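Report on the structure
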Amino acid sequence: MGSYPTCGYKSQVNSTDKVVVSIGGSILVPGDNDSEYISKLAEMLKGIRDEVQIAIVCGGGKTARYYAETGKALGGDTYQLDVLGIGATRLNAQLLSLALGDMPDEVPRSAEETARRSQPGKIVVMGGTFPGHTTDAVATMVAREMEADRVVNATSVDAVYTDDPRKNKDAKRIEKMTIAELGDIVYKEHDASKSSVFDPLGVKIAAANKIDIMMVDGRNLEELRKAILGQPFSGTTVNSH
Ligand code: UTP
């Protein structure tokens, strides 16, 4: 008899996977019993951190919008409003870090820094980087630096649709699409980029670096868990290969 360790082989198949999770601020801090959700999210992440190497990029949500609107009323320019937004994303990143049990005084400020700090078993959390894009784009930059297998976009919709399902009853849910097809959607809606399915810059980076994107309802922790682990999940898989 050979001494091949067959037992447990299956659970080790994805052990080297690297995954970047982009968590929208609207998921993290909608103002609806947020500590309960964040604490459950942290528990779920801690439960799988030895199976996949995880980096997380947090969005700004309501907090970012509040600062952007108030800053605008005070005469702030686009650059200044972006800087305020980045501040909100970093605050959210600290909040999630706190729930994970290790809140730094400052979260990583660049994709490179997160990639440098990332290691198996350790979850690195960051927010935005510099003005001009959103945290979805940052997630693809981190994935590029880490040579990650996929970006999981934990968002407030459960999938990509052919049209806005709130406005169009005939809108169809898309389970699989190519990165070019996602590009067709996001480049068209660029003017309304604030509510875009995914940051157009992020789509470009994902396409150029063959990074797959999984769109999943971030409030559904079981589906989010499956998407992070690379298992079949309910949502949209965007293939970049
Ligand atoms: P978000 O990533 O949360 O933007 O960053 P968003 O996609 O517009 O928000 P959601 O997902 O709908 O909640 C908040 C804001 O911070 C600035 C941008 O102005 C962005 O809209 N930001 C963020 C940057 O300028 N650079 C970054 O790297 C990140």
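First things first, this report covers the structure right here in the doc.

What counts, and where the lines are drawn
Every chain is numbered on its own, with residues counted from 1 as its sequence reads. A pLDDT threshold of at least 70 governs which residues receive local features in this predicted model, and a stricter bar of 80 or more applies before side-chain atom pairs are shown or counted, although totals over entire chains, interfaces and linings include all residues. Excluding hydrogens and water, the side-chain values take into account all heavy atoms of the structure. Axis definition: a line fit to C-alpha positions, over the contact stretch in the case of helices; interaxial angles, taken between N-to-C directions, run 0 to 180 degrees. Under the scheme used here, helices are H or I runs from DSSP no shorter than 4 residues and strands are E runs no shorter than 2 residues, and both carry numbers assigned from the N terminus. Convention used here: angles under 35 degrees read as roughly parallel, angles over 145 as roughly antiparallel, angles from 65 to 115 as roughly perpendicular, and any remaining angle as oblique. Each crossing is labelled by how the near helix is turned from the far one, with a counterclockwise turn of less than a right angle marking it left-handed and a clockwise turn marking it right-handed. Whether two residues are in contact is decided by their heavy atoms: any pair within 4.5 Å suffices. In this classification, Asp, Glu, Lys and Arg are treated as charged, Ala, Val, Leu, Ile, Met, Phe, Trp, Tyr, Cys and Pro as nonpolar, and every other residue, Gly included, as polar. Cavities and pockets are found on a 1 Å grid laid over the protein atoms alone: a cavity is a set of points where a 1.4 Å probe fits but cannot escape, a pocket is an open set with protein on both sides within 12 Å along at least five of seven lines, and a lining residue has an atom within 4 Å of such a point. Grid points are joined across faces, edges and corners, and a volume is the space filled by probe spheres set on the points. Here a strand pair is declared whenever DSSP counts at least two bridges between the two strands. Only protein chains enter the area calculation, which uses a 1.4 Å probe; residues under 20% of their type maximum are buried, those over 50% are exposed, and those in between are partly exposed. Between 30 and 60 degrees the pair is tilted, below 30 it is stacked and above 60 it is edge-to-face, where a pair is any two Phe, Tyr or Trp rings, Trp via its six-membered ring, whose centres lie within 6.5 Å. Definition used for salt bridges: Asp or Glu carboxyl oxygen within 4 Å of a side-chain nitrogen of Lys or Arg.

Brief notes about the packing of helix α8 (residues 179-188) against helix α9 (residues 200-209)
One way to put it is that α8 packs onto α9 with a least axis distance of 9 Å and a crossing angle of 160°. One way to sum up the angle between α8 and α9 is to call them roughly antiparallel. For the pair α8 and α9, the sense of crossing is left-handed. Residues Ile 179, Leu 182, Gly 183, Val 186 and Tyr 187 of α8 pack against Pro 200, Val 203, Lys 204, Ala 206 and Ala 207 of α9. A breakdown of the residues in the contact of α8 with α9 according to their chemical character gives eight nonpolar, one polar and one charged.

Regarding the environment of Ala 171
With respect to the helices and strands, Ala 171 occurs in the loop between β5 (160-161) and β6 (173-174). For the pair Ala 171 and Thr 16, spaced 155 residues apart in sequence, the C-alpha to C-alpha distance is 37 Å. Apart from the residues within four sequence positions on either side, Ala 171 is in contact with Tyr 161, Thr 162, Asp 163, Asp 164 and Pro 165.

Some words on the layout of surface pockets
What the second largest pocket holds in volume is close to 220 Å³. Lining the second largest pocket are Arg 49, Ser 97, Leu 100, Asp 102, Pro 104, Pro 108, Arg 117, Gly 121, Lys 122, Ile 123, Val 124 and Val 125. Taken together, the elements giving at least two residues each to the lining of the second largest pocket come down to α5 (78-100) and β3 (124-126). Its residues placed into classes, the lining of the second largest pocket shows six nonpolar, two polar and four charged.

Some thoughts on the sheet that holds strand β8 (residues 212-217)
The strand order β3-β2-β1-β4-β8-β9-β7 describes an open sheet built from seven strands, whose pairing is mixed. Every other strand in the sheet has two partners, leaving β3 and β7 (176-178) as the edge strands with one partner each. Between one strand axis and the next, the sheet turns through 20° on average, direction left out of account. As judged from the six bridges shared by strand β4 (residues 150-155) and β8, these two strands associate in the parallel manner. Bridge pairing in β8 places Val 152 opposite Met 214.

Structural notes on the pairing of strand β9 (residues 236-239)
Alternating residues of β9 divide into Thr 236 and Val 238, all buried, and Thr 237 and Asn 239, none buried. As judged from the three bridges shared by β7 and β9, these two strands associate in the parallel manner. The residue bridging Met 177 from the neighbouring strand is Val 238, located in β9. Strand direction decides the pairing type here: β8 and β9, joined by three bridges, are antiparallel. When the bridges of β9 are listed, Ile 213 appears paired with Val 238.

As for helix α10 (residues 221-229)
Buried within α10 we find Leu 221, Glu 223, Leu 224, Ala 227, Ile 228 and Leu 229. Residues of α10 that are buried make contact with β1 (18-23), α3 (34-48), β2 (53-58), β4 and β8. Immediately downstream of α10, the backbone of Gly 230 shows phi near 80°, a positive value.

A short note on the packing of aromatic side chains
The final tally for this structure, using the stated rule, is one aromatic pair. With 5.3 Å between their ring centres and 90° between their planes, Tyr 66 and Tyr 67 make a pair best called edge-to-face. With a relative accessible area of 40%, Tyr 67 lands in the partly exposed category.

Considerations on the environment of Asp 136
Position of Asp 136 among the secondary structure elements: in helix α7 (residues 135-146). Its relative accessible area of 14% is what places Asp 136 among the buried residues. For the pair Asp 136 and Arg 219, spaced 83 residues apart in the sequence, the C-alpha separation amounts to 17 Å. In contact with Asp 136, other than residues within four places in its own chain, are Ser 22, Asn 153, Val 197, Phe 198 and Asp 199.

Some words on the pattern of salt bridges
What the rule picks out here adds up to nine salt bridges. Arg 150 serves as the salt-bridge partner of Asp 17, at 3.0 Å between the closest nitrogen and oxygen. On the criterion of sequence distance, the pair formed by Asp 17 in the loop between α1 (9-12) and β1 and Arg 150 in strand β4 is long-range, its members being 133 residues apart. You can call Arg 150 buried: its relative accessible area is 7%. In this structure, Asp 158 and Arg 173 form a salt bridge, with 2.9 Å as the shortest nitrogen-oxygen distance. With Asp 158 in the loop between β4 and β5 and Arg 173 in strand β6, the pair connects residues that are 15 residues apart, well separated along the chain. A relative accessible area of 31% places Asp 158 in the partly exposed class. Judged by its relative accessible area of 31%, Arg 173 falls in the partly exposed class. In the salt-bridge network here, residues are joined through shared partners; they are Asp 164, Arg 166 and Lys 167.

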